[in-house]
Amino acid sequence: MLLPGMVDVLVIGAGAAGLAAANELSRAGATVKILEARKRIGGRVWTAPSSDPFVPFELGAEFVHGANETLWDFIRKARLGIRKVANHHWAYPPLVKHPEFWPTMEKCISEVDRNTEDKSFDEYLCDRERPCRDEWMIRLFVEGFDAADTKMISSHSLGIASEDKGHTKAAWVERGYSGLTHWLAARARERGVAIELETRVHSIRWRAHDVEVVAETPDGEAVWHVPRVIITLPLGVLKSGAISFTPDLPFETQRAIDGMEMGGIVKLLFEFDQAFWKSRFGTKHFGFVHSKDGPLRTWWSRPFAPILVGWAGGPAAIAMSDHAVIADAALKQLSELFEVSEAKVRAALLQWRSHNWIADPFTCGAYSYASVGNVDAPPKLAEPIDDTLFFAGEATSSIADLGTVHGAIESGIRAARSIVVAEHKSKALFPS
């Protein structure tokens, strides 16, 4: 038995994966503590207020993708309101509606032959006998939706993901996605889970069922000794070397980390005092515009509030370090896109917000994707190490769920259940 005050499982990271893991473990009777480097919970889920409490800014994750049962069950239990996303797509220039957007994407990507050697998506497109229809838009989609460099992302991984038809459906969480992470945190705390904020782990020394975790806190260095640890840090942090492991991680685990890339995203949110684009579309909520030109290549509107979101992904996003400069250029882009004077666009602007996830030391990027020849990397990273170290987070989810909140949540639950199963066999760590 553990001594009073000790912890059965330490969870590193209070994002969706860490909170889900802590909930699952505490339900099973484990004593759990979460260490979070930030001053807040949520990780890459971060809701900020706009002028309308029902339509806030989502600085991080925004969409509920598909019909994942676990995520939707949490949403129902948390009594969170949902608004459907209008699945309307436009191409620019010229501005024309694109009713076949998803079929066009799916046809091209689904034709990847996974019986041949894996290649980058860029090579796949170049090697085709017949070009894909609207190839520029498909490249833009992979750079944006997958946050990927088309010269690096595995074409096989995209082919696998295309089999999941749920990604064409999306919804917003009313009042913001942070409502879900705050609900998860509240449930965990009710069962005794402690969440230590501003606690930045920098060293992990480990052997079977014996882990020393060292972190910097506002009060100085702190050390924990625990039997098991769940590590939910973003792939970018793992790749950065910000945490030292002694001994080194096993070859297959490190190979999995090296076999994935952390994608780049720039997302700017603009709130206006009027929907000046209504005259162009006949509605305030036009859906999505995919643009060949301009700094932000995808735009979408939010329902019931004059808010526009501009998005860029892949190598172009990584090169955008100054968001203020991008925001200024984006206002000119909106003027051209919606055929409204730039003066009117600027006069209507109430505020704009963004967060630089690429420069953020606690993420070092947006979300993960598999590079060529590494479609097995996520499940390899998810494999427990000596029943002692467990990795979770969106980078350990299935290929189709990389970069999603539901992928992160399910990965945390998976890691927690692995520990519960092992405990039931050994009867050594916490009560059944």
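Because the structure is a prediction, the values reported are computed rather than measured.

**Digging into the overall build of the protein chain**
Part 1 of the argument: The secondary structure content of the protein chain amounts to 15 helices and 23 strands.
Part 2 of the argument: Relative to the globule expectation of 22 Å for 432 residues, the C-alpha radius of gyration of the protein chain, 22 Å, shows essentially globular dimensions.
Part 3 of the argument: Reported as C-alpha extents along the three principal axes, the dimensions of the protein chain are approximately 70 × 50 × 35 Å.
Part 4 of the argument: Going through the 432 residues of the protein chain one by one, you find that 57% of them count as buried.

**Digging into helix α2 (residues 69–77)**
Part 1 of the argument: Among all positions in α2, only Leu71, Phe74 and Ile75 are buried. Viewed along the axis of α2, the buried residues span an arc of 100°, placing them on a single side of the element. Set apart from the buried face of α2 by more than 90 degrees, the exposed residues are Glu69, Arg76 and Lys77.
Part 2 of the argument: Looking at the packing, one finds that the buried side of α2 touches β5 (63–65), β6 (82–84), α7 (178–190) and α15 (405–426).
Part 3 of the argument: Arginine 79 occupies a position one or two residues after α2 and carries a positive phi of about 55°.

**Looking at the packing of helix α3 (residues 101–110) against helix α5 (residues 135–145)**
Part 1 of the argument: For the pair α3 and α5, interaxial distance at closest approach is 10 Å and the crossing angle is 85°. Regarding the angle of α3 to α5, the classification is roughly perpendicular. Touching Phe101, Trp102, Thr104, Met105, Cys108 and Ile109 of α3 are Met137, Ile138, Phe141 and Val142, all from α5.
Part 2 of the argument: Of the residues in the contact of α3 with α5, the class split is 9 nonpolar, 1 polar and no charged.

**Thoughts on the nonpolar core**
Part 1 of the argument: With 43 residues, the main nonpolar core has Leu25, Leu180, Ile230 and Ile409 as its most contacted residues.
Part 2 of the argument: Counting residues per element, the ones that place at least two in this core are β1 (9–12), α1 (16–27), β2 (32–35), α2, β9 (170–173), α7 and α15.
Part 3 of the argument: For this core, the element with the most residues is α15, which contributes 8 residues.
Part 4 of the argument: Setting aside residues up to four positions removed in sequence, isoleucine 230 forms contacts with Val9, Leu10, Val11, Ile12, Ala21, Leu25, Phe390, Ala392, Ala415, Ala416 and Ile419.
Part 5 of the argument: Val201, Trp206, Ala256 and Met262 belong to the second-largest nonpolar core, a separate cluster that totals 32 residues.

**Remarks on the pattern of salt bridges**
Part 1 of the argument: Under the counting rule described, the total for this entry stands at 24 salt bridges.
Part 2 of the argument: Residue aspartate 360 pairs with arginine 38 through a salt bridge whose shortest N-O separation is 2.9 Å. Of this pair, aspartate 360 sits in the loop between β21 (349–354) and β22 (368–370) while arginine 38 sits in the loop between β2 and β3 (47–48); the two residues are 322 residues apart in sequence, bridging distant segments of the chain. The burial state of aspartate 360 is the same as that of arginine 38; both residues are buried.
Part 3 of the argument: One salt bridge connects aspartate 122 with arginine 139, and the closest N-O pair in it is separated by 2.5 Å. With aspartate 122 in helix α4 (residues 121–127) and arginine 139 in helix α5, this pair connects stretches of sequence that are 17 residues apart.

**Comments concerning the state of the cysteines**
The term disulfide refers to a covalent linkage connecting the sulfur atoms of a pair of cysteines.
Part 1 of the argument: One pass over the full model with this rule turns up 1 disulfide.
Part 2 of the argument: Between the sulfur of cysteine 108 and that of cysteine 132 lies a disulfide, 2.0 Å long from S to S. Handedness of the cysteine 108-cysteine 132 disulfide follows from its S-S torsion of about 75°: it is right-handed. Taken together, the positions of cysteine 108 in helix α3 and cysteine 132 in the loop between α4 and α5 put the pair 24 residues apart, joining distant regions of the chain.
Part 3 of the argument: Distance from the sulfur of cysteine 126, which forms no disulfide, to the nearest cysteine sulfur (cysteine 132) is 11 Å.

**Section: the pairing of β2**
Part 1 of the argument: Burial along β2 is two-sided: the residues Val32 and Ile34 and Lys33 and Leu35 are all buried.
Part 2 of the argument: In terms of handedness, the path from β1 via α1 over to β2 forms a crossover that is right-handed.
Part 3 of the argument: Of the strand pairs in this sheet, β2 and strand β10 (residues 194–196) are connected by 3 bridges, and their pairing is parallel. If you follow lysine 33 over to β10, its bridge partner there is alanine 194.

**Quick notes on unusual backbone geometry**
Part 1 of the argument: Each neighbour pair has its own omega, and for tyrosine 92 with proline 93 the value is -10°, a cis peptide bond.
Part 2 of the argument: The peptide bond linking proline 93 to proline 94 adopts the cis configuration, its omega dihedral lying at -15°.
Part 3 of the argument: Tracing the backbone through its elements, the reader meets proline 94 in the loop between β7 (89–92) and β8 (96–97).
Part 4 of the argument: Phi is positive for phenylalanine 304, which is not a glycine, with a value near 70°.
Part 5 of the argument: Inspection of the secondary structure assignment puts phenylalanine 304 in the loop between β19 (298–301) and β20 (307–313).

**Structural notes on the sheet that holds strand β15 (residues 244–246)**
Part 1 of the argument: Reading across the sheet, the 4 strands line up as β13-β12-β11-β15 and stay open at both edges, with mixed pairing between neighbours. For this open sheet the edge positions go to β13 (220–226) and β15, each flanked by a neighbour on one side alone. Shown here is a sheet whose adjacent strand axes are inclined to one another by a mean of 15°, direction ignored.
Part 2 of the argument: Across 7 bridges, the pairing between strand β11 (residues 200–207) and strand β12 (residues 210–217) is antiparallel. Looking across to β12, one finds that valine 201 is bridged to alanine 215.

**Concerning the confidence of the model for the protein chain**
Part 1 of the argument: Looking at the protein chain as a whole, the pLDDT averages 95, with 97% of positions reaching at least 70.
Part 2 of the argument: Across residues 1–5 the pLDDT falls below 50, and counting only partners more than four positions away or on other chains, this stretch makes 4 contacts in the model.

Analysis parameters
Residues numbered from 1 in each chain as written. Predicted model: local features only at pLDDT ≥ 70, side-chain atom pairs only at ≥ 80, totals over all residues. Heavy atoms only, no water. Helix = DSSP H or I, 4+ residues; strand = E, 2+ residues; numbered from the N terminus. Rg over C-alpha atoms; globule rule 2.2 N^0.38 Å. Buried < 20%, exposed > 50% of the residue type's maximum accessible area, 1.4 Å probe, protein only. Arc of directions from axis to C-beta. Contact = heavy atoms within 4.5 Å. Axes fitted to C-alpha atoms, helices over the stretch in contact; angles between N-to-C directions. Parallel < 35°, antiparallel > 145°, perpendicular 65-115°, else oblique. Nonpolar A, V, L, I, M, F, W, Y, C, P; charged D, E, K, R; others polar. Core = buried A, V, L, I, M, F, W, Y, C linked by side-chain atoms within 4.5 Å. Salt bridge = Lys/Arg side-chain N within 4 Å of Asp/Glu carboxyl O. Disulfide = S-S within 2.5 Å. Right-handed = clockwise from strand over helix to strand, strands pointing away. Pairing = 2+ DSSP bridges. pLDDT = per-residue confidence, 0-100.

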